[in-house]
Structures are given as C-alpha cells and as structure tokens.
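Residues per chain are reported as follows:
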Amino acid sequence: MLNRDRVIESFHQLGFAPRVGEFEDRILIQKSVLLLQLKGLRTGYPYRLYIRGPYCEELNREVFAHRAEFESPVSRGTLDEKEQAIVAAFGETFDLRPNQVEVAGTYAFFVSCAGLDHIEASRRTRKLKSFIPAAQQAVAIARAKRFLYPPTDEETREMKEEFALWERASLAFTGRDHE
C-alpha cells in the first residue's frame, strides 16, 4: 500500500519543502524516499532503474497530483518512533544536496534491490554517475553505507581490535611506544 502521508511527514521532519517544478528537487524526492524505504520507512513505492538511477513512476504521479501537500509539508503525525528515528538519521547523514542523494540512492538500489555486492555496486554507480565528480561520489557512497549498512557490534569489535594492532605497530615503529 502506497503511503504518501509518511513521505510528506518525513519531508516535514527534515524541513524539506520541495519545489515540484524543479528537476533537482524531484531527484531529491525520488532518491530520498528510496533511501528512507530501504532503512525501514513504510511507504510502499516500487522502484526500478531509470535514466538517473532508481525511479518510481507512482511516486512521481502522486507528487504532481498532490503538489501543494508536497511543497508545504505539514505534520501529519503518521510516523511511529522507529520511523521518526529513521528520518532523523537520514537528516544527520545527508545534506539534501541532489548529487549526494542521487549517488547514494543509486548505490543503495544496486546493493539492496539489484543484489550486487558493494564493489560492483560502487563500480556501476560511478559509471552511471560519471558526470558527478569522483570525490563527491565517494562521500555519497560512504554516507549511504553508514546510513543503511552500519557495522554490527561484532564487526565494530573486530575493527577496533585490528586498528589497535596497527596503532601499536605504528607507535613501536616511531619509537613512541613508551608514551
């Protein structure tokens, strides 16, 4: 079931009042909703790969049919605590810059919807988004990973152990291991 109210409430919570007539704002709408859905926001919009990455025709139709609601989002109280936390995490992770969210959404689509591994998803994203500078792509992909695929407690513990070994080796090499 499609849920436009959750999308509009999310935009309200983010302070995002898209200008539906602006192409870049429609990119933000499309890719933001996908990223939020992949994290657990229940909106039900089906995505497919299109010219500029993941795209949902049904969402596009609703955005234009309910333009005033999207352009002046007001609180509808339709998000539960978990969904509010998802939207808050999205807002903390992304700057709502079209290029950033476009790359992040495309990368996430390749991993989560197309089932590609992270390396192949990065490669395809970089190829599809070759008009976006590589440094911006790298930041956007890193943010998508942080938002959608945070390390487990076990992975975090393993990384800390590995980094501690590297740090001790570095200090020993520089002769500062006594500090």
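Residues numbered from 1 in each chain as written. Predicted model: local features only at pLDDT ≥ 70, side-chain atom pairs only at ≥ 80, totals over all residues. Heavy atoms only, no water.

Novice: Any chance you could explain the overall build of the protein here in plain terms?
Specialist: A tally of helices and strands in the protein yields nine helices and two strands. When the backbone C-alpha atoms are referred to their principal axes, the protein occupies close to 65 × 35 × 25 Å. Every one of the 179 residues in the protein was classed for burial, and the buried ones make up 39%. Here the contacts in the protein between residues at least 6 apart in sequence split such that 71% fall between residues at least 24 apart. For the protein, the accessible surface area stands at approximately 10100 Å², while carbon and sulfur atoms represent 54% of it. Separation of charge centres in the protein, based on 26 positive and 27 negative side chains, amounts to 6 Å. (Helix = DSSP H or I, 4+ residues; strand = E, 2+ residues; numbered from the N terminus. Buried < 20%, exposed > 50% of the residue type's maximum accessible area, 1.4 Å probe, protein only. Contact = heavy atoms within 4.5 Å. Areas by Shrake-Rupley, 256 points an atom, 1.4 Å probe, with all protein chains shown as cover. Lys, Arg positive; Asp, Glu negative; His and termini not counted. Charge placed at Lys NZ, Arg CZ, Asp CG, Glu CD.)

Novice: Teacher, can you tell me more about the nonpolar core here?
Specialist: Ranked by size, the top nonpolar core spans 40 residues in total, and within it Leu 35, Tyr 47, Leu 59 and Phe 147 carry the most contacts. Contributing elements (two or more residues each) for this core: α1 (4–14), α2 (23–39), α3 (57–65), α5 (81–93), α6 (98–113) and α8 (134–148). When residues in this core are grouped by element, the largest group, eight residues, is from α6. Excluding residues that lie within four positions of it along the chain, Tyr 47 makes contacts with Ile 29, Gln 30, Val 33, Leu 34, Gln 37, Pro 54, Tyr 55, Cys 56, Leu 59 and Phe 109. (Core = buried A, V, L, I, M, F, W, Y, C linked by side-chain atoms within 4.5 Å.)

Novice: What is the right way to look at a nonpolar patch on the surface in this model?
Specialist: A cluster of nonpolar side chains, Met 159, Phe 163, Leu 165 and Trp 166, forms an exposed patch at the surface whose accessible area comes to about 470 Å². Take Met 159: its relative accessible area is 35%, and that puts it in the partly exposed class. (Patch = residues over 30% accessible without salt bridge, like charges linked within 9 Å, V, L, I, M, F, W, Y side chains within 5 Å. Salt bridge = Lys/Arg side-chain N within 4 Å of Asp/Glu carboxyl O.)

Novice: How do you make sense of the side chain of Gln 30 when you look at a structure like this?
Specialist: Checked against the element boundaries, Gln 30 lands in helix α2. Look at Gln 30 and you get buried, because its relative accessible area is 5%. If we skip the residues at most four places from it in the chain, Gln 30 touches Tyr 47, Pro 54, Tyr 55, Cys 56, Leu 59 and Asn 60.

Novice: So what exactly am I meant to see when it comes to the pattern of salt bridges here?
Specialist: A side chain of one charge can pair with a side chain of the opposite charge when the charged atoms of the two come close. By the definition in use, this model includes 18 salt bridges. Among the ionic pairs, Glu 69 bridges to Arg 4, the shortest N-O distance being 3.7 Å. Residue Glu 69 is found in helix α4 (residues 67–71), and its partner Arg 4 is found in helix α1; the two are separated by 65 residues along the sequence. The class of Glu 69 is partly exposed, set by a relative accessible area of 25%. Notably, a salt bridge pairs Glu 57 with Arg 61, separated by 3.6 Å at the nearest N-O pair. Here Arg 61 and Glu 57 lie together in helix α3, a separation of four residues that amounts to about one turn. We classify Glu 57 as partly exposed; its relative accessible area is 30%. Linked through salt bridges whose partners overlap, the residues forming this network are Arg 4, Asp 5, Glu 62, Glu 69 and Arg 76.

Novice: Where do I start with the packing of aromatic side chains in this structure?
Specialist: Aromatic rings considered in pairs are described by the distance between their centres and by the relative angle of their planes. The full count for this structure, using the stated rule, is seven aromatic pairs. Note on Phe 11 and Phe 16: the rings are 5.0 Å apart at their centroids and 75° apart in plane angle, and the pair reads as edge-to-face. Note on accessibility: Phe 11 and Phe 16 belong to one class, buried. Above the face of the Phe 147 ring, Lys 39 is positioned so that its terminal group lies 5.4 Å from the ring centre. (Phe/Tyr/Trp six-rings, centres within 6.5 Å; stacked < 30°, edge-to-face > 60°. Lys NZ or Arg CZ within 6 Å of the ring centre and 35° of its normal.)

Novice: I keep staring at the environment of Pro 18 and nothing clicks. Help me out?
Specialist: Position of Pro 18 among the secondary structure elements: in the loop between α1 and α2. With 51 residues separating them in the primary sequence, Pro 18 and Glu 69 have C-alpha atoms 10.0 Å apart. Sequence-distant contacts of Pro 18, that is, excluding residues within four places in its chain, are made with Phe 11, Asp 25, Ile 29, Phe 70 and Glu 71.

Geometry only, nothing functional implied.
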